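# Topology and contacts: notes
Residues per chain are reported as follows:
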Amino acid sequence: MDYKHIQVKPISGALGAEIHGVDLAQLDEEIFAEIHHAFMENLVIFFRDQTITPDQQVAFSARFAPIGYYPFLKGLPDHPAVIEVRKEPEDELNFGGVWHTDTAYLAKPPMGSVLYAKETPENGGDTMFANLYLAYETLSDPMKAMLDGRKAVNSSRKGDAAAGRQKSVDENPKDASDVQTESTHPALRTHPETGRQALYVNRGHTVCFEGATPEESAPILEYLFEHQIRPESPCRFHWAPGSIAIWDNRCALHYPLNDYHGQRRVMHRVTMEGDTPQ
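First things first, this report covers the structure right here in the doc. Keep in mind that this is a model prediction, so the values were computed, not measured. Starting from 1, residues in each chain are numbered consecutively following that chain's sequence as written. Local features are withheld for residues below a pLDDT of 70 in this predicted model, meaning they are given only at 70 or higher, and side-chain atom pairs are given and counted only at 80 or more; totals for whole chains, interfaces and linings count all residues. The basis for the side-chain values is all heavy atoms of the structure; hydrogens and waters are excluded.

## Points about the sheet that holds strand β6 (residues 127–131)
Between any two strands, pairing holds if DSSP finds at least two bridges. Segments assigned H or I by DSSP are reported as helices when at least four residues long, segments assigned E as strands when at least two residues long, and all are numbered from the N terminus. Strand order in the open sheet made by the three strands is β12-β6-β14, with antiparallel pairing throughout. Each end of this open sheet is capped by a strand with a single partner; those strands are β12 (234–237) and β14 (252–256). The average undirected angle you get between the axes of adjacent strands in this sheet is 20°. Alignment of β6 against β12, held across four bridges, turns out to be antiparallel. Between the N-to-C directions of two axes lies an angle of 0 to 180 degrees, each axis being a line fitted to C-alpha atoms and, for a helix, fitted only over the stretch in contact.

Written out as structure tokens, the structure reads:
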């Protein structure tokens, strides 16, 4: 695409691009069309030096897809669609501190999220992203054939992901008694907009293959988890106040690094609704 209104600067060979020359508080349809195209091409896009209100963050997110809600945590009092992701200096664990796709245990995992940095540590606190198209494409043909048609079980109760969210849930719990906490999805997912195949398992939530035990599944899953994050696959984003990231949860993993102990980090996140993985 010949971008006329924005500048798109890829930050790695695998995925991720910074977008410059735009104020997200003031967007027309032509500019958003270019942003959406960059999003489809790069899987995760980043903006710097933005100043937006919670209402503006929600409105921007809704351009991509209808607004969704995180199942275990209440949003801000006046803006229920915006959740605060916060780590205090005394906290040891961070929210989501493992490679994962968001809430893969839901029947319809979210399409993606918009994360806005409010307070960032002086050093550390980066987020890494990995390309699940590339993970699929670089599998051997026999491995692709073995995974074709196979489904994987995803659970909200898997250890590291569950532990990382617990403090936030304890402080601001949401009634999740009716939330589906386990779902089975294709290990190879077809992206509904691009038609490309992605390796849709993740260390944070995937526990086994359908019809197999966790112990039987572990050797193959462990190989796939490591394959997804080979050195050529991820990109890394360094946050500053006013930074924004939008990632495609259908074809990208992410991993917020927990390397800023003794410092504070506060982010606002809005989630967009997704569909049933196919």
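## Some details on helix α6 (residues 214–228)
The largest bend in α6 is about 35°, located at I220. Every buried residue of α6 is accounted for by S217, L221, L224, F225, H227 and Q228. The seven residues ending at a residue and the seven starting there each receive a fitted axis; the angle between those axes is the bend at that residue. We call a residue buried when its accessible area falls under 20% of the maximum for its residue type, exposed when it is over 50%, and partly exposed in between, using a 1.4 Å probe and counting protein chains only.

## Overview of the pattern of salt bridges
Here, a salt bridge means any Lys or Arg side-chain nitrogen found within 4 Å of an Asp or Glu carboxyl oxygen. Tallying each qualifying case throughout the model produces 16 salt bridges. Taking the shortest distance from any N to any O, the salt bridge between E137 and R196 comes out at 2.9 Å. Placement of the pair is E137 in helix α3 (residues 132–137) and R196 in the loop between β9 (188–190) and β10 (197–199), with a sequence separation of 59 residues. Given the relative accessible area of 40%, E137 is considered partly exposed.

## A few points about the packing of aromatic side chains
Only Phe, Tyr and Trp rings take part, Trp by its six-membered ring, and two of them pair if their centres are within 6.5 Å. Stacked means planes under 30 degrees apart, edge-to-face means over 60, and tilted covers everything else. Scanning all chains against the criterion turns up 13 aromatic pairs. Look at F47 and F60: their rings are 6.2 Å apart centre to centre, the planes differ by 90°, and that puts the pair in the edge-to-face class. Taken as a pair, F47 in strand β3 (residues 44–47) and F60 in helix α2 (residues 54–62) lie far apart in primary sequence, 13 residues in all. Considered together, F47 and F60 belong to a single accessibility category, that of buried residues. Members of the aromatic cluster, each reached through a chain of ring pairs, are F32, F39, F47, F60 and F64. The rule is short: NZ of Lys or CZ of Arg within 6 Å of the ring centre and within 35 degrees of the ring normal puts a charge over the ring. Sitting above the plane of the Y260 ring, K87 keeps its charged end 4.4 Å from the centroid.

## Let's talk about the layout of surface pockets
Definitions used for this entry: grid spacing 1 Å over protein atoms alone; cavity, a set of points where a 1.4 Å probe fits but cannot get out; pocket, an open set with protein on both sides within 12 Å along at least 5 of 7 lines; lining residue, one with an atom within 4 Å of a point. Grid points are joined across faces, edges and corners, and a volume is the space filled by probe spheres set on the points. Size it by volume and the second largest pocket reaches roughly 220 Å³. For the second largest pocket, the lining is made up of 16 residues, of which G68, Y69, L106, K108 and E273 are closest to its centre. Of all the elements, strand β15 (residues 265–272) adds the most residues to the lining of the second largest pocket, at three residues. Any residue that is not Ala, Val, Leu, Ile, Met, Phe, Trp, Tyr, Cys, Pro, Asp, Glu, Lys or Arg is counted as polar, Gly included; the first ten are nonpolar and the last four charged. Among the residues forming the lining of the second largest pocket, the class breakdown is seven nonpolar, five polar and four charged.

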